[in-house]
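Residue-level listing of the chains:
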Amino acid sequence: MRRYIRALTLCTVFAVFSGLYVYSKLLYSDVPAGGNGPKRGFIPPRVPGGRRGAADKTGPQSPHWYNRYIMRQRGQVEAGGGSVQRRPEPPMHLAVVACGERLEETLTMIKSAVLFSVKRLYLHVFAEDQLHASFMEALESWPDFIRSKFNYTVYSISFPSENAAEWKKLFKPCASQRLFLPLILKDIDSIVYVDSDILFLQPVDRLWAFLSQFNSSQLAAMAPEHEEPRIAWYNRFARHPFYGRTGINSGVMLMNMTRMRSMFFKNDMTSVGLRWEELLMPLLQKYKLNITWGDQDLLNIIFHYNPESLLEFPCQWNYRPDHCIYGSNCASAEEDGIYILHGNRGVYHDHKQPAFRAVYEAIRKYSFGADPVTSLLDPLEEELLKTTHTYCGKSHPLFTKRLAHSLRNISRKAPHGR
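- The name an unreviewed UniProt entry assigns to the chain is Glucoside xylosyltransferase 1, from the organism Nibea albiflora.

Things to note about the packing of helix H14 (residues 354-365) against helix H15 (residues 372-384)
Angle between the axes and distance between the axes are the two parameters that describe a pair of packed helices.
Then, number 1: Two elements in contact, H14 and H15, have axes separated by 9 Å at closest approach and are oriented at 160°. The pairing of H14 with H15 is recorded here as roughly antiparallel in orientation. Relative to H15, H14 is oriented so that their crossing is right-handed. Across the interface between the two elements, Ala355, Ala358, Val359, Ala362 and Ile363 of H14 pack against Leu376, Leu380, Glu383 and Leu384 of H15.
Then, number 2: Tallied by class, residues from the contact of H14 with H15 come to eight nonpolar, no polar and one charged.

Focus: the pattern of salt bridges
Then, number 1: A full pass over the atoms with the stated rule returns 15 salt bridges.
Then, number 2: Residue Glu104 is joined to Arg364 by a salt bridge in which the shortest nitrogen-to-oxygen separation is 3.4 Å. With a gap of 260 residues between them, Glu104 in helix H3 (residues 103-116) and Arg364 in helix H14 connect regions that are remote in the sequence.
Then, number 3: By relative accessible area, Glu104 is classed as partly exposed at 45%.
Then, number 4: The exposure class assigned to Arg364 is partly exposed, which follows from its relative accessible area of 29%.
Then, number 5: For Glu361, the salt bridge identified is with Lys365, shortest N-O distance 4.0 Å.

A closer look at the state of the cysteines
Then, number 1: Enumeration over the complete set of coordinates arrives at three disulfides.
Then, number 2: Cys99 shares a disulfide with Cys174; S-S distance 2.0 Å. The disulfide joining Cys99 to Cys174 has a torsion of about -100° about its S-S bond and is therefore left-handed. Of this pair, Cys99 sits in the loop between strand S1 (92-98) and H3 while Cys174 sits in the loop between helix H6 (164-168) and helix H7 (181-184), and the two are 75 residues apart along the sequence. Note on accessibility: Cys99 and Cys174 belong to one class, buried.
Then, number 3: In this model, Cys324 is linked to Cys392 through a disulfide, with the two sulfur atoms separated by 1.9 Å. In this structure, the disulfide formed by Cys324 and Cys392 twists by about 90° around the S-S bond and is classed as right-handed. Placement of Cys324 in the loop between strand S8 (310-312) and helix H13 (331-336) and of Cys392 in helix H16 (residues 391-394) is noted, with a sequence separation of 68 residues between them.
Then, number 4: Along the chain, the cysteines engaged in disulfide bonds are linked according to the scheme 1-2, 3-5, 4-6 when indexed in sequence order.

Focus: the pairing of strand S4 (residues 190-194)
Then, number 1: Burial analysis of S4 places five of its five residues in the buried class, the great majority of the element.
Then, number 2: Of the two faces of S4, the one carrying Ser190, Val192 and Val194 and the one carrying Ile191 and Tyr193 are both buried.
Then, number 3: In terms of strand pairing, S4 meets strand S7 (residues 248-256) through five bridges, oriented antiparallel. Pairing of Tyr193 across the sheet is with Met253, part of S7.

With respect to unusual backbone geometry
Peptide bonds are trans in most cases, and residues, glycine excluded, mostly fall at negative phi.
Then, number 1: Here Arg345, not a glycine, exhibits a phi torsion of approximately 65°, which is positive.
Then, number 2: Following the sequence through the fold, Arg345 ends up in the loop between strand S9 (340-342) and H14.
Then, number 3: Using a relative accessible area of 53% as the deciding quantity, one classes Arg345 as exposed.

Thoughts on helix H4 (residues 132-141)
Then, number 1: Restricting attention to buried positions, one finds in H4 the residues His132, Phe135, Ala138 and Leu139. Buried residues in H4, looked at end-on, bunch into an arc of 140°, giving them a common side. Exposed residues on H4 whose side chains face more than 90 degrees from its buried face are Ala133, Glu137 and Ser141.
Then, number 2: Residues of H4 that are buried make contact with S1, H3, strand S2 (121-127), helix H5 (144-147) and strand S3 (150-156).

Digging into the side chain of Arg320
Then, number 1: Assignment of secondary structure puts Arg320 in the loop between S8 and H13.
Then, number 2: Residue classification places Arg320 among the buried residues on the basis of a relative accessible area of 0%.
Then, number 3: When neighbours within four sequence positions are excluded, Arg320 is seen to be in contact with Pro224, Glu225, His226, Asn249, His342, Asn344 and Phe356.

Focus: the packing of aromatic side chains
Then, number 1: Applying the stated rule across the entire model yields 19 aromatic pairs.
Then, number 2: Where Phe150 meets Tyr152, the ring centres are 6.3 Å apart and the plane angle is 40°; that geometry is what we call tilted. Judged on exposure class, the residue Phe150 and its partner Tyr152 are both buried.
Then, number 3: On the numbers, 5.9 Å between centres and 55° between planes, the contact of Trp233 with Phe237 is tilted.
Then, number 4: What makes Phe237 partly exposed here is its relative accessible area of 45%.

Rules used in this analysis
- Residues numbered from 1 in each chain as written.
- Predicted model: local features only at pLDDT ≥ 70, side-chain atom pairs only at ≥ 80, totals over all residues.
- Heavy atoms only, no water.
- Axes fitted to C-alpha atoms, helices over the stretch in contact; angles between N-to-C directions.
- Helix = DSSP H or I, 4+ residues; strand = E, 2+ residues; numbered from the N terminus.
- Parallel < 35°, antiparallel > 145°, perpendicular 65-115°, else oblique.
- Left-handed = near helix turned anticlockwise from the far one by under 90°.
- Contact = heavy atoms within 4.5 Å.
- Nonpolar A, V, L, I, M, F, W, Y, C, P; charged D, E, K, R; others polar.
- Salt bridge = Lys/Arg side-chain N within 4 Å of Asp/Glu carboxyl O.
- Buried < 20%, exposed > 50% of the residue type's maximum accessible area, 1.4 Å probe, protein only.
- Disulfide = S-S within 2.5 Å.
- Pairing = 2+ DSSP bridges.
- Arc of directions from axis to C-beta.
- Phe/Tyr/Trp six-rings, centres within 6.5 Å; stacked < 30°, edge-to-face > 60°.

This is the structure in structure tokens:
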């Protein structure tokens, strides 16, 4: 009898240890219990900034890789108060097109965008091939504390091959490139497009925030071409349909490109809606003898037939000489100051509108790291006082109201002496 009891005890102990062994194997196995489900293998997160396709040097061949990965995950949990650390916030996307003699002007625009932005920017620079090296050399020469605020890609100018020449010469060289951004940047959801003669006087973040104000049908945002119908161009001279009372200006254009790619646009050529890529060429062929401002006119025609798809933002987000050349007529700028300055008609480079030129020159000459108030704002205010013989110069407080606020916000953060 004792022999049987000993055998039973031995079997029980063996069964217990066997169970523990099987349990430990199941606990650390990549295969779920039962062996019938899908594998649950760990995929380590991509190292930020790593190149696509680069070999992973920290894979399982390293004897301590698994332990390091577990420790990294544990550290993220502890640092995050019990949850895995969040991924970095997606950047804001900003696009610009530069052809001809627009290199310095475009770099000054980028400088203003980067200087004031809070979130990271991703710049999409479309330029003629002979400008690529100059763009990259200039951007890479900026100090590290500025370079850390943005990434960029420089692209060649590209149009549909069968009509490339016609698109390129429409209005200004390469300006119609903006129409094809949804078709070129297929992986980008939303983007801000600006002309090269734009200057940000407020963070790009404030403009980017309009995306959250889009309703379910809106897919783009622009400012009106004019505030005062008596001096507006479209309602007096246009020979084609246009948006609203006075048309829209496309120098600053916020786009939800995902919606643009998927929408069927109403039009006056067919009884059915057309996708963006189906709409552009027929529209140009129909109206090319009647349009004056090129791609901006085409956008006016599109949104004339699809007004529910456009959000209008106030004129202070696209302030041009038209808003002050005959006296101030932008109410939002009168109240809060200018948010984005648009120096169209070449006013940054001649003496017709010295107030606009003064802002451009102040930002162009500013050195990163210098005190933004004493090195940019103060000299600018002195120059603006010399422009009061013009109507726009008489409105000079509007040019610095928001700019002063933006500069003082970055003044504490700017590393001096660089």
